[in-house]
Amino acid sequence: MRDTPRVNNQITVPTVRVVDESGDMVGVLPLKEALKLAVQAGLDLVEVSPNASPPVCKILDFGKYKYELQKKRHEARRKQKVIEIKEIKLRPGISEHDYDVKFRSIIKFIKEGDKVKVTMQFRGREMMHHELGMKVLKRIEQELGEQVKIEQEAKMEGKQLVMIVAPVK
């Protein structure tokens, strides 16, 4: 797949549908006639829709056309929101104040539109008490309530319990 359209002599099909510089439909013409029209206007013949039958070609200034395409791509990239996954790490024996601090961080990330991966880490003998970690994750889930959707339920991955929450659109 080409990233730039074919121009003038790069076009190989025998007939093309031509649109002139003012945007009016000229009609289906042989390629040589279409090229003649473009040369008379002092512009280029640019294949704007190669998959149509016959392909649609416009008579226009190719440099200007490329510049406009580049501007559109740049604008689309600027408007794109990249969703990040933020991670919050907890331990099963987390104190009340530490929990509050972590919970405020989760809320902040959700409001910014990011997904949050809540990781409950177990060490040593804590591995025997998954229910303590599960209780903390359920509490987070209940306190977040309707402002999030659970993308991945809490499940064990090695020595940690992982849950992913995403903001509701």
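Residues numbered from 1 in each chain as written. Predicted model: local features only at pLDDT ≥ 70, side-chain atom pairs only at ≥ 80, totals over all residues. Heavy atoms only, no water.

**A closer look at the pattern of salt bridges**
As enumerated under the stated definition, the model contains 8 salt bridges in all. As a salt-bridge pair, Arg-6 and Glu-47 come within 2.7 Å of each other at their nearest N and O atoms. In this pair, Arg-6 is assigned in the segment before strand E1 (15–19) and Glu-47 in strand E3 (residues 44–49), connecting sequence segments 41 residues apart. Looking at Glu-47, the relative accessible area reads 3%, which means it is buried. Between Glu-141 and Lys-138 there is a salt bridge; the shortest N-O distance is 3.8 Å. Of this pair, Glu-141 and Lys-138 both sit in helix H4 (residues 130–144), 3 residues apart, roughly one helical turn. Residue classification places Lys-138 among the partly exposed positions, given a relative accessible area of 38%. (Salt bridge = Lys/Arg side-chain N within 4 Å of Asp/Glu carboxyl O. Helix = DSSP H or I, 4+ residues; strand = E, 2+ residues; numbered from the N terminus. Buried < 20%, exposed > 50% of the residue type's maximum accessible area, 1.4 Å probe, protein only.)

**A word on the side chain of Glu-47**
Of note is the side chain of Glu-47, whose polar atom sits 2.7 Å from the side chain of Arg-6. Beyond its immediate chain neighbours, meaning those up to four positions away, Glu-47 contacts Pro-5, Arg-6, Ile-11, Pro-55, Val-56 and Cys-57. (Polar contact = N/O pair within 3.5 Å; in protein donor to acceptor, adjacent residues only side chain to side chain. Contact = heavy atoms within 4.5 Å.)

**Let's talk about the packing of aromatic side chains**
According to the stated counting rule, one finds 2 aromatic pairs in the structure shown. Consider the rings of Tyr-99 and Phe-103, whose centres lie 5.9 Å apart with planes at 15 degrees: the pair is stacked. Of this pair, Tyr-99 and Phe-103 are both found in helix H3 (residues 96–111), 4 residues apart, which corresponds to roughly one turn of the helix. Phe-103 gets classed as buried once you look at its relative accessible area, which sits at 12%. (Phe/Tyr/Trp six-rings, centres within 6.5 Å; stacked < 30°, edge-to-face > 60°.)

**Let's talk about the packing of H3 against H4**
Relative orientation of the contacting elements H3 and H4 amounts to 50 degrees, with a least axis distance of 12 Å. Viewed along their axes, H3 and H4 adopt a mutual orientation that is oblique. The two elements H3 and H4 meet at a crossing, and its hand is right-handed. Across the interface between the two elements, Glu-96, Tyr-99, Asp-100, Phe-103, Ile-106 and Ile-107 from H3 touch Val-136, Arg-139, Ile-140, Glu-143 and Leu-144 from H4. A per-class count over the contact of H3 with H4 returns 7 nonpolar, no polar and 4 charged. (Axes fitted to C-alpha atoms, helices over the stretch in contact; angles between N-to-C directions. Parallel < 35°, antiparallel > 145°, perpendicular 65-115°, else oblique. Left-handed = near helix turned anticlockwise from the far one by under 90°. Nonpolar A, V, L, I, M, F, W, Y, C, P; charged D, E, K, R; others polar.)

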